[in-house]
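So the chains spell out like this:
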Amino acid sequence: MPVPWFLLSLALGRNPAVISLERIVGPQDAARCSPGLSCHLWDGDMLCLLGSIEAAPGPVLVPTHLQAELVLRCHQETSCDLCVRVTVQLAVHGHWEEPEDEEKSGEAAEPELKELRNASLQAQVVLSFQAYSTARCVLLEVQVPAARVQSGQAVGSLVFDCFEAALGAEVRIWSYTQPRYQKELNLMQQLPDCRGLEVRDSIQSCWVLPWLNVSTDGDSVHLVLNVSEEQHFGLLLYWNQVQGSLKPWWHRNLMWPLEPDPVRTSICPFKEDPQAHRNVWRAARVQLLSTKSWRLDMPCSLPAEVMLCWQSPGGDPCQPLMPPLSPENVTVNKASEFPVVEGHPNLCVQVRKVRSWEKVQLQECLWSDSLGPLKDDVLLVETQGSQHNRSLCALEPTGCTPLPSRATTRAAHLGEQLLEDLQSGQCLKLWNGDLGALWACPVDKYVHRRWALVWLACLLLAAVLLFLLLLRKDRGKAAAGVRAALLLYSADNTAFESLVGSLATALSRLPLRVAVDLWSRRELSAQGPLAWLHAQRRQTLQERGVVVLLFSPGAVALCREWLQDGPPAPRAHGPHDAFAASLSCVLPDFLQGRASGRYVGACFDGLLALDAVPSLFRAAPLFSLPSQLRGFLSALQGPCAARFGRLEDSAEQVARALQPVLDSCFRPPPRGLGPELEAGLE
């Protein structure tokens, strides 16, 4: 089966498959043509003379397509050579021209012209074959019947068997007619070696060649050479530099047989290897030679395109400068010129694979080293219209914004200023051509001015927020500094309750939050004295407040009763008396030494002496009111609470509220008020 070149290129890739070839027997060359045509191969080779192109006198046969296929020419079953079969497609070119002067030609020319038109068309086709140390030219005659002669019509094909060639050789084939009426067809191809074809048992030179296998494992490359004990072959590792000067890479002949022209096979295992390509791009560098020249340095030549782009300092992708600057093919390791007038830090070079624009392989901002870091400039693209009309747009990440514009981009907001700067010559011209120009316009001054306003607004807003925060903090401190005070007393009589109410009212006018059962009769009745007292005491102590114990003769009697230090209280207390209930949770604090900082004791002048208070309750500060109001208020104030102002003024204020009620407690009751009230005032 013939094998076309494109099938061989698919099969003989990085991992070649095994393909079997058609066999032809005999050493003689042969020619054949498609049905309807007749052809003949001249004996022996001819001299390869191309000749010049001549004008066709009428319809002529010309080759239109050239194709090469691989076959095996076998002299014996196991003695074959690789051979190239050539197929040429033929077509009719030109037509018969009518005589210019029919009167001069006369009737005598008509039979001759008719005879030419009815005759078959003949042509001599030359096939030229060249390979290393081999050159051949063969001549084939082909004849086409007159019925198939029509200008531009394909008439068939011509097949030649075959040109012998060496394995792995590079061959060139030409096809033309003699005389030559058009440019010759040509074909160049690298022939495969023994690896990819089923020829190892048929071509003797493949019997003795060692087989080479290459595999990659990450960054490591494993090369395995299978050589039998009878074979004596060497391995040559070399760098195949197709483009540019040869690099001084390592070139080592491990062992090669001492023969004049030994049979050889070669393999380039990394030609299509993706990892090898990545390694090459990783080692590539773009170097700035001068302000306008640069060079792409790579270990080997890979097809690449280069273009200029504009890199903004904000981290956005580099914007290609096309149009008007289009990408160009780059020559590796060769100096090139930039199509710019002036360099700029934001101008960068992008290098990509040819016809592969989805990924940038290399990007370098070459002028940033000499001209400083990226600038906050706007690139204006100027284009010239057909009637010398100029239009401008600003290159931004979202595209090129026309100026002036009502868009919401930064360049649109600065459109008028940018146009004024361009007119006044404040912009730098980077490139100038027949179709337009590129301008770099600085916007630092506008950005600074705008940011100054922004900073001023931010500072003003920060000042307002700070003021509100401080105001809220002061209010919070004031609210947090109001210390809670829970007043506990024994409801001995109505006069004493009135005295306690006056004290609670006077204290509430200071920075104190006062709680007393006189003001919570409804909650006290609903919850009961014990539950209400426990809830109030827990809340007061959690808020770092103070519990005030107001001692009276009845309160002292209840304390001694709880301490089993005296006789039972002489009479029962009312349903709203919380003092008796409070002793169940107050006494443990005093007994366990937790009273300091939590409790303050007080009694009233003339109603109870300080030494009458049981000694257990003297662990807390104890004061007699109103004579010791200053110390009492200082103890209520605490270390972290809001200040009462001058203690003398606060003490005088509370004393003025207490004194009239306290004096009324020692006046004799009016006659006829009843024994209950009289007993209460005793």
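The rules behind each value
Residues numbered from 1 in each chain as written. Predicted model: local features only at pLDDT ≥ 70, side-chain atom pairs only at ≥ 80, totals over all residues. Heavy atoms only, no water. Helix = DSSP H or I, 4+ residues; strand = E, 2+ residues; numbered from the N terminus. Buried < 20%, exposed > 50% of the residue type's maximum accessible area, 1.4 Å probe, protein only. Contact = heavy atoms within 4.5 Å. Areas by Shrake-Rupley, 256 points an atom, 1.4 Å probe, with all protein chains shown as cover. Phe/Tyr/Trp six-rings, centres within 6.5 Å; stacked < 30°, edge-to-face > 60°. Salt bridge = Lys/Arg side-chain N within 4 Å of Asp/Glu carboxyl O. Patch = residues over 30% accessible without salt bridge, like charges linked within 9 Å, V, L, I, M, F, W, Y side chains within 5 Å. Pairing = 2+ DSSP bridges. Axes fitted to C-alpha atoms, helices over the stretch in contact; angles between N-to-C directions. Disulfide = S-S within 2.5 Å. Core = buried A, V, L, I, M, F, W, Y, C linked by side-chain atoms within 4.5 Å. Parallel < 35°, antiparallel > 145°, perpendicular 65-115°, else oblique. Left-handed = near helix turned anticlockwise from the far one by under 90°. Nonpolar A, V, L, I, M, F, W, Y, C, P; charged D, E, K, R; others polar. pLDDT = per-residue confidence, 0-100. Arc of directions from axis to C-beta.

1. Comments concerning the overall build of the chain
Alright, step 1. Looking only at helices and strands, the chain features 16 helices and 33 strands.
Alright, step 2. Taken across its 682 residues, the chain has 39% of its residues classed as buried.
Alright, step 3. Restricting to contacts in the chain with at least 6 residues of sequence separation, those with at least 24 account for 65%.
Alright, step 4. Just so you have it, the chain exposes about 39100 Å², and 53% of that area is on carbon and sulfur atoms.

2. Points about the packing of aromatic side chains
Alright, step 1. Going through the model one piece at a time under the given rule, you end up with eight aromatic pairs.
Alright, step 2. Here Phe 129 and Phe 163 contribute two aromatic rings whose centre-to-centre distance is 4.7 Å and whose plane-to-plane angle is 10 degrees, an arrangement assigned as stacked. Separated by 34 residues along the polypeptide, Phe 129 in strand E7 (residues 121-131) and Phe 163 in strand E9 (residues 154-164) bring together distant segments of the chain.
Alright, step 3. For Phe 163, a relative accessible area of 0% gives the class buried.
Alright, step 4. Here a set of aromatic residues connected by ring pairs shows up, and it is made of Phe 551, Phe 590, Tyr 599 and Phe 617.

3. Points about the pattern of salt bridges
Any two side chains of opposite charge can pair if their charged atoms end up close together.
Alright, step 1. In this structure the tally under the stated criterion is 17 salt bridges.
Alright, step 2. Ionic pairing is found between Asp 297 and Arg 295, a salt bridge with its closest N-O pair at 2.8 Å.
Alright, step 3. The class for Asp 297 is partly exposed, based on a relative accessible area of 22%.
Alright, step 4. Counted as one network, the salt bridges with shared partners bring together Asp 29, Asp 45, Arg 73, Arg 136 and Glu 164.

4. Details of a nonpolar patch on the surface
Alright, step 1. On the surface, Leu 460, Leu 461, Val 464, Leu 465, Phe 467, Leu 468 and Leu 471 cluster together into a nonpolar patch covering about 680 Å² of accessible area.
Alright, step 2. Along the chain, Leu 468 turns up in helix H8 (residues 444-481).

5. As for the sheet that holds strand E32 (residues 599-604)
Paired through their backbone hydrogen bonds, the strands of a sheet run either parallel or antiparallel.
Alright, step 1. Taken together, five strands build an open sheet; the order of strands is E30-E29-E31-E32-E33 and the sheet is parallel. On the outer flanks of this sheet lie strand E30 (512-516) and strand E33 (622-625), each paired with one strand and no other. Pairwise comparison of adjacent strand axes, ignoring direction, gives a mean angle of 25 degrees for this sheet.
Alright, step 2. Here strand E29 (residues 483-489) pairs with strand E31 (residues 546-550) via five bridges, running parallel. Of the residues in E31, the one forming a bridge with Tyr 489 is Leu 550.

6. Considering the side chain of Asp 421
Alright, step 1. Relative to the assigned elements, Asp 421 resides in helix H7 (residues 415-423).
Alright, step 2. When its relative accessible area of 4% is taken as the criterion, Asp 421 is described as buried.
Alright, step 3. Beyond its immediate stretch of four places on either side in the chain, Asp 421 contacts Gln 426, Cys 427, Pro 442, Lys 445 and Tyr 446.

7. A word on the state of the cysteines
Two cysteines, two sulfur atoms, one covalent bond between them: this is a disulfide.
Alright, step 1. Within the structure shown, the criterion is met by seven disulfides.
Alright, step 2. Two residues share a disulfide in this structure: Cys 348 and Cys 365, whose sulfurs sit 1.9 Å from each other. Judged by the sign of its S-S torsion, about 80 degrees, the bond between Cys 348 and Cys 365 is right-handed. Taken together, the residues span a long stretch of sequence, with Cys 348 in strand E22 (residues 347-353) and Cys 365 in the loop between strand E23 (362-364) and helix H5 (368-371) at a distance of 17 residues.
Alright, step 3. Overall, the relative accessible area of 0% leaves Cys 348 in the buried class.
Alright, step 4. Cys 393 shares a disulfide with Cys 400; S-S distance 2.0 Å. Handedness of the Cys 393-Cys 400 disulfide follows from its S-S torsion of about 80 degrees: it is right-handed.

8. As for the sheet that holds strand E24 (residues 377-384)
Alright, step 1. Read from one edge of the open sheet, five strands run E26-E25-E24-E28-E27, paired in antiparallel fashion. Across the chains shown, the open sheet's two edge strands, defined by having one partner strand only, are strand E26 (399-402) and strand E27 (428-432). Strand after strand, the sheet turns through a mean of 30 degrees between neighbouring axes, direction not considered.
Alright, step 2. In this structure, E24 lies alongside strand E25 (residues 390-396), joined through six bridges in antiparallel fashion. The residue bridging Gln 384 from the neighbouring strand is Arg 390, located in E25.

9. Overview of the nonpolar core
Inside soluble globular proteins, nonpolar side chains tend to come together where they are buried.
Alright, step 1. Ranked by internal contacts, the top residues of the largest apolar core, which has 38 residues, are Leu 61, Val 84, Val 86, Leu 127, Phe 129 and Phe 163.
Alright, step 2. Of all the secondary-structure elements, those providing two or more residues to this core are strand E5 (60-76), strand E6 (79-93), E7, strand E8 (134-144), E9 and strand E10 (170-177).
Alright, step 3. The element best represented in this core is E6, accounting for seven residues.
Alright, step 4. Apart from the residues within four sequence positions on either side, Phe 129 is in contact with Val 84, Thr 134, Ala 135, Arg 136, Phe 163, Glu 164, Ala 165, Val 171, Arg 172 and Ile 173.
Alright, step 5. Grouped together as the second largest cluster of nonpolar side chains are 32 residues, Leu 487, Leu 507, Ala 602 and Leu 658 included.

10. A word on the packing of helix H14 (residues 629-637) against helix H15 (residues 647-664)
Alright, step 1. In the contact formed by H14 and H15, the axes pass within 9 Å of each other and the chain directions differ by 110 degrees. In this view, H14 runs roughly perpendicular relative to H15, as classed from their interaxial angle. Read as a crossing pair, H14 and H15 show a hand that is right-handed. Contacts from Leu 629, Arg 630, Leu 633 and Ser 634 in H14 reach Leu 647, Glu 648, Ser 650, Ala 651, Val 654 and Ala 655 in H15.
Alright, step 2. Among the residues making up the contact of H14 with H15, the classes are represented as six nonpolar, two polar and two charged.

11. Some thoughts on the environment of Cys 39
Alright, step 1. Along the chain, the position of Cys 39 falls in strand E4 (residues 38-41).
Alright, step 2. What makes Cys 39 partly exposed here is its relative accessible area of 25%.
Alright, step 3. Between the C-alpha atoms of Cys 39 and Gln 124, which are 85 residues apart in sequence, the distance is 9.5 Å.
Alright, step 4. Beyond its immediate chain neighbours, meaning those up to four positions away, Cys 39 contacts Ala 31, Arg 32, Cys 33, Glu 141, Val 142 and Leu 158.

12. Focus on the confidence of the model for the chain
Alright, step 1. Of the residues in the chain, 76% have a pLDDT of 70 or more, and the chain-wide mean is 78.
Alright, step 2. Contacts from residues 243-254, a stretch scored under 50 in pLDDT, to residues over four places away or in other chains number 20 contacts.
Alright, step 3. Long-range and interchain partners of residues 671-682, a stretch whose pLDDT sits below 50, account for six contacts in this model, where long-range means more than four residues apart.

13. Some details on unusual backbone geometry
Both trends apply: most residues other than glycine have a negative phi, and most peptide bonds are in trans.
Alright, step 1. Asp 161 connects to Cys 162 through a cis peptide bond whose omega is -15 degrees.
Alright, step 2. Here Cys 162 lies in strand E9.
Alright, step 3. Here Gln 178 and Pro 179 are connected by a cis peptide whose omega angle stands at 0 degrees.
Alright, step 4. Its identity is not glycine, yet Asn 333 carries a phi of approximately 60 degrees, on the positive side.

14. Some remarks on the packing of helix H11 (residues 529-542) against helix H13 (residues 579-591)
Alright, step 1. As a packed pair, H11 and H13 sit with axes 7 Å apart at the nearest point and diverge in direction by 40 degrees. Our classification of the angle between H11 and H13 gives oblique. For the pair H11 and H13, the contacting residues are Pro 529, Leu 530, Leu 533, His 534 and Arg 537 in the first and Ala 581, Ser 582, Ser 584, Cys 585 and Asp 589 in the second.
Alright, step 2. The residue inventory of the contact of H11 with H13, partitioned by class, reads five nonpolar, three polar and two charged.

15. A look at H14
Alright, step 1. Those residues of H14 that fall on the buried side of the exposure criterion are Leu 629, Phe 632, Leu 633, Leu 636 and Gln 637. Viewed end-on, H14 has its buried residues packed into an arc of 140 degrees, placing them on one side of the element.
Alright, step 2. Two residues or fewer past H14, Gly 638 is found with a positive phi of approximately 75 degrees.

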